[in-house]
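For reference, the chains in residue letters:
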Amino acid sequence: MLTEINFDGIIGPSHNYAGLSLGNIASANNAGSVSAPRAAALQGIAKMRANLALGLPQGFFMPLDRPNIGWLDRLATDMASAEPHLRAASFSASSMWAANAATVSPAPDTRDGRCHLTIANLMTMPHRSHEWTGTLAQLQIAFADQRHFAVHGPVPAPFGDEGAANHMRLCDGHGAPGVEIFVYGKAGGRFPARQHIEAGKAIARRHGLAPERTLFIQQSETAIAAGAFHNDVVAVANETVLFTHEQAFEDREAAYAAIRAAFPPLQIVEVPASAVSLADAIKSYLFNAQLVSLPGGGQALVLPSEAQAVPTVWGWLEAMVAGNGPIRKLVPVDVRQSMANGGGPACLRLRVVADPATVDPRFIATPERLDLAERIIAEYWPESIAPDALADPALADTVRTARAALLSALDLEALG
Ligand code: SUG
């Protein structure tokens, strides 16, 4: 039975605010702040529990081994002598944003009838460019069953790929064939365009997608310049619904027409710029919501509680759910620690359409396994990390010990 499973990245013990992501306004604004890794990870666990309570299947990925000494070594440096920006990059807990882990094409969309996953190379940002090896190791275990899954390595340089954050899928139901949309950016603006069109094309070929059910759409340059460093900051799709800001795509009419031609049942829920400006959309992250199909019917938006704090946004959303559109419920969640680095509820999860029985059960969240994770986090995750602590060798030890305790509790020592 194919169903959508959301795999959340458990927020790692080195979560900190080093301002590493150019073009990500929250990351820049919070550079130098003191982070709270324990609270961050507990917020992530609470979000998973809330989704389980909605009746949604849930999975998780482990934090990666940080600081990444091997990466520093390949740069001919080490923790003691690395320049601060490299040290910070080696410590980054950015794998928490699992929407950037991979691009996923569910089995009904692919030529060989398997679910294909391509690891994102994340090559645009140095601190994220060394994520993929650890993520690949994890996906190879979680989706080891080759009758149902094919896990691919990254698209080669120089074609930047940031995974599912720039990929949308429309379908009549998760288990039915879908139309896959690859959203790409064009370089040249004041902020980097992280997703290259060639990466999307390579993934579509590799996954065996049907050309008539595959679209490549340019992200709006205005949106990137306003701080939408990934498409999922301004648009999200689920089943027949595309929930989008009016300024998400470079050529709005052409984009809507192409999507409708490939997928006639399309329902567009568009938020006009006159109601919510791009700046407010990015501040509130209303589109970085998990748009989910509720088991009892209808769709819900699991969105950051920050959306409640922007009156134009919350007013628009309340009016929307009071109407008779497809989105019927708003579920605010507190992921403030992740939000302060530019990661909302949708960034924290990778959607995989699969039969949960075909996934390694160690990656599936149950209330009991979340209890276990929560206990380890409460005991081992640092309460806070100030920027200058990254230079303290004791922090590296604390972070490694914490992750090892989690891997052991969840029977995932194999990830070492
Ligand atoms: O890549 N932030 C992440 C946020 C990723 C959000 N993901 C999605 N939109 N799907 C990024 O910019 C901040 C790290 C720092 O500044 O320390 C960071 O990497």
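Here the structure is shown first, and the text comes after it.
Heads up: these notes are all about the structure in this document. (Residues numbered from 1 in each chain as written. Predicted model: local features only at pLDDT ≥ 70, side-chain atom pairs only at ≥ 80, totals over all residues. Heavy atoms only, no water.)

## A look at the packing of helix H2 (residues 37–53) against helix H13 (residues 367–380)
- Packing of H2 against H13 leaves a shortest axis separation of 10 Å and a crossing angle of 170°. Comparing the axis directions of H2 and H13 gives the class roughly antiparallel. From H2, Arg38, Ala41, Leu42, Ile45, Met48, Arg49 and Leu52 reach across to H13, where they touch Pro367, Leu370, Asp371, Ala373, Glu374, Ile377 and Ala378.
- For the contact of H2 with H13, a count of residues per class yields 10 nonpolar, no polar and four charged. (Axes fitted to C-alpha atoms, helices over the stretch in contact; angles between N-to-C directions. Helix = DSSP H or I, 4+ residues; strand = E, 2+ residues; numbered from the N terminus. Parallel < 35°, antiparallel > 145°, perpendicular 65-115°, else oblique. Contact = heavy atoms within 4.5 Å. Nonpolar A, V, L, I, M, F, W, Y, C, P; charged D, E, K, R; others polar.)

## Topic: helix H11 (residues 311–322)
- For H11, which comprises 12 residues, the first-to-last C-alpha distance of 16 Å matches the rise-based estimate of 16 Å (1.5 Å per residue) to within 8%.
- When we look at burial in H11, the residues that qualify are Val313, Trp314, Trp316, Leu317 and Met320. Angularly, the buried residues of H11 cover 160° about the axis, an arc narrow enough to put them on a single face. Turned more than 90 degrees from where H11 packs its buried face, Pro311, Ala319 and Ala322 sit exposed. (Expected span 1.5 Å × (residues − 1). Buried < 20%, exposed > 50% of the residue type's maximum accessible area, 1.4 Å probe, protein only. Arc of directions from axis to C-beta.)

## Describing the packing of aromatic side chains
- Scanning the model with the defined rule gives eight aromatic pairs in all.
- Ring geometry for Phe7 versus Phe143: centroids 5.4 Å apart, planes at 75°, classification edge-to-face. Remark: Phe143 occurs in the loop between helix H6 (132–142) and strand S5 (149–152) and Phe7 occurs in strand S1 (residues 3–9); sequence separation between them is 136 residues. Accessibility classification places Phe7 together with Phe143 in one group, the buried group.
- Taking 4.9 Å as the distance between ring centres and 55° as the angle between the ring planes, the aromatic pair formed by Phe143 and Phe149 counts as tilted.
- Relative accessible area serves as the criterion here: at 2%, Phe143 is assigned to the buried category. (Phe/Tyr/Trp six-rings, centres within 6.5 Å; stacked < 30°, edge-to-face > 60°.)

## Concerning the pairing of strand S4 (residues 115–119)
- When you tally the buried positions in S4, you get five out of five residues, the bulk of the element.
- Covered by surrounding structure in S4 are Cys115, Leu117 and Ile119 together with His116 and Thr118, the residues of both alternating faces.
- Judged from the four bridges that link them, strand S3 (residues 102–105) and S4 form a sheet pairing that is antiparallel. Across the sheet, the residue bridging to Val104 is Leu117, located in S4.
- Pairing between S4 and S5: four bridges, direction parallel. Residue Cys115 lies in a different strand from S5, and its bridge partner there is Phe149. (Pairing = 2+ DSSP bridges.)

## Comments concerning the site of the ligand
- For the ligand, the set of nearby residues contains 20 residues, the closest of which are Leu20, Ser21, Ser27, His127 and Cys347.
- Within the contact set of the ligand, an oxygen atom lies 2.7 Å away from a side-chain nitrogen or oxygen of Ser21.
- For the ligand, an oxygen atom lies 2.7 Å from a polar atom in the side chain of Ser27.
- Here the shell around the ligand is built from residues that sort into seven nonpolar, 10 polar and three charged. (Near = heavy atom within 4 Å. Polar contact = N/O pair within 3.5 Å; in protein donor to acceptor, adjacent residues only side chain to side chain.)

## A word on the side chain of Ser35
- Residue placement: Ser35 occurs in the loop between helix H1 (25–29) and H2.
- Residue Ser35 is classed as buried on the basis of its relative accessible area, which comes to 1%.
- Within the local environment of Ser35, its side chain forms a polar contact with the backbone oxygen of His15, the two atoms lying 2.6 Å apart.
- Ser35 has contacts with His15, Asn16, Tyr17, Gln337, Glu383, Ser384 and Ile385, leaving out every residue within four places of it along the chain.

## Topic: the side chain of Arg369
- Following the sequence through the fold, Arg369 ends up in helix H13.
- Within the structure, the side chain of Arg369 is placed 3.3 Å from the backbone oxygen of Leu410, a separation counted as a polar contact.
- In contact with Arg369, other than residues within four places in its own chain, are Phe60, Pro361, Arg362, Ile364 and Leu410.

## Examining the environment of Glu4
- As for its position among the elements, Glu4 is in strand S1.
- Note on Glu4: relative accessible area 10%, which makes it buried.
- It is 26 Å that separates the C-alpha atoms of Glu4 and Glu306, two residues lying 302 residues apart in sequence.
- Only 3.4 Å separates the side chain of Glu4 from the side chain of Asn6, close enough to count as a polar contact.
- One polar contact links Glu4 to His174, side chain to side chain, over a distance of 3.4 Å.

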